[in-house]
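Commentary on secondary and tertiary structure
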Amino acid sequence: MSTHYCTDGKALLLAFLREHADSPCTIEEIAAALPTGKSTLYRLMTALVADGTVRRFVRGNSRQFTYQILGDEHCHDHLHLKCVDCGRVVHLDHDITAFVERELLKRHHFTADERATMLLGRCEACAEKGCAV
């Protein structure tokens with residue numbers, strides 16, 4: 001989480017993102033819910049993405065970006081799964097993350113960056129709805 005000075009706009013934005021942590025939001029969706037201008041939201045979001053508090057995603061095959069807060073300061077210590085349909089983010093526990101990282105290193109001589117690694121797929125609820133990957 002950012003340790004920088006927290007303005008009222010930033011505090012409102014962070015509160016909104018925490019309240020909607022399970023779903024990615026566009027700047028337009030956030031602007032419709034908050035009394036903050038889009039240019040301010042873009043500026044704040046750029047800083048939050050840069051410091052790792054928020055992740056930016058592309059919505060489907062569009063050119064539209066969505067933003068989602070990842071979690072607490074320990075969120076960079078493990079891998080994540082993201083549903084491409086509903087946007088839900090699953091935080092893998094440390095044992096599973098360690099296992100995956102050991103296997104990647106052993107089999108492929110590759111080290112994953114936990115801060116940047118997001119495995120995409122379908123959550124159980126979306127898969128049960130019949131969505132195909």
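Residues numbered from 1 in each chain as written. Predicted model: local features only at pLDDT ≥ 70, side-chain atom pairs only at ≥ 80, totals over all residues. Heavy atoms only, no water.

1. Some points on the sheet that holds strand β3 (residues 80-83)
One open sheet holds the three strands; their spatial order is β4-β3-β5, and the pairing between them is mixed. Here the strands that pair on one side only, and so sit at the sheet edges, are β4 (89-91) and β5 (118-121). Taken pair by pair, the neighbouring strands of this sheet meet at an average axis angle of 25 degrees, ignoring direction. (Pairing = 2+ DSSP bridges. Helix = DSSP H or I, 4+ residues; strand = E, 2+ residues; numbered from the N terminus. Axes fitted to C-alpha atoms, helices over the stretch in contact; angles between N-to-C directions.)

2. Remarks on the nonpolar core
Ranked by internal contacts, the top residues of the largest apolar core, which has 16 residues, are Leu13, Leu17, Ile30, Leu41 and Met45. Only α1 (8-19), α2 (27-33), α3 (38-50) and β2 (65-69) provide two or more residues apiece to this core. For leucine 41, the residues in contact, after removing those within four places along its chain, are Leu13, Ile27, Ile30, Ala31, Leu34 and Thr36. (Core = buried A, V, L, I, M, F, W, Y, C linked by side-chain atoms within 4.5 Å. Buried < 20%, exposed > 50% of the residue type's maximum accessible area, 1.4 Å probe, protein only. Contact = heavy atoms within 4.5 Å.)

3. Remarks on the side chain of threonine 97
With respect to the secondary-structure elements, threonine 97 resides in helix α4 (residues 94-108). Once residues within four sequence positions are removed from consideration, threonine 97 is found in contact with Asp77, His78, Leu79, Leu92 and Glu114.

4. Considerations on the packing of aromatic side chains
Summed over the entire model, instances satisfying the criterion amount to zero aromatic pairs. Looking at arginine 56, its charged tip hangs above the ring of phenylalanine 65, at a distance of 3.8 Å from the centre. (Phe/Tyr/Trp six-rings, centres within 6.5 Å; stacked < 30°, edge-to-face > 60°. Lys NZ or Arg CZ within 6 Å of the ring centre and 35° of its normal.)

5. Things to note about the confidence of the model for the protein
Reading predicted coordinates in detail is not appropriate for stretches of low pLDDT. Overall, the predicted model of the protein reaches an average pLDDT of 85, with 89% of residues at or above 70. Ranking the helices and strands of the protein by mean pLDDT puts α2 first, with 95, and β4 last, with 82. (pLDDT = per-residue confidence, 0-100.)

6. Here's the deal with α3
Because an α-helix packs 3.6 residues into every turn, residues spaced three or four apart end up facing the same way. Between its first and last C-alpha atoms α3 spans 18 Å; for 13 residues at 1.5 Å apiece the expected length is 18 Å, and the two agree. Three or more residues of α3 are buried, namely Leu41, Leu44, Met45 and Leu48. Take α3 and look down its axis: the buried residues cluster within an arc of 100 degrees, on one side only. Facing away from the buried surface of α3 by more than 90 degrees, the exposed residues are Ser39, Arg43, Thr46 and Ala50. Of the surrounding secondary structure, the elements contacted by the buried residues of α3 are α1, α2, β1 (54-58) and β2. (Expected span 1.5 Å × (residues − 1). Arc of directions from axis to C-beta.)

7. Focus on unusual backbone geometry
Phi at histidine 109 takes a positive value of approximately 50 degrees, unusual for a residue other than glycine. One can find histidine 109 in the loop between α4 and β5. Histidine 109 gets classed as exposed once you look at its relative accessible area, which sits at 67%.

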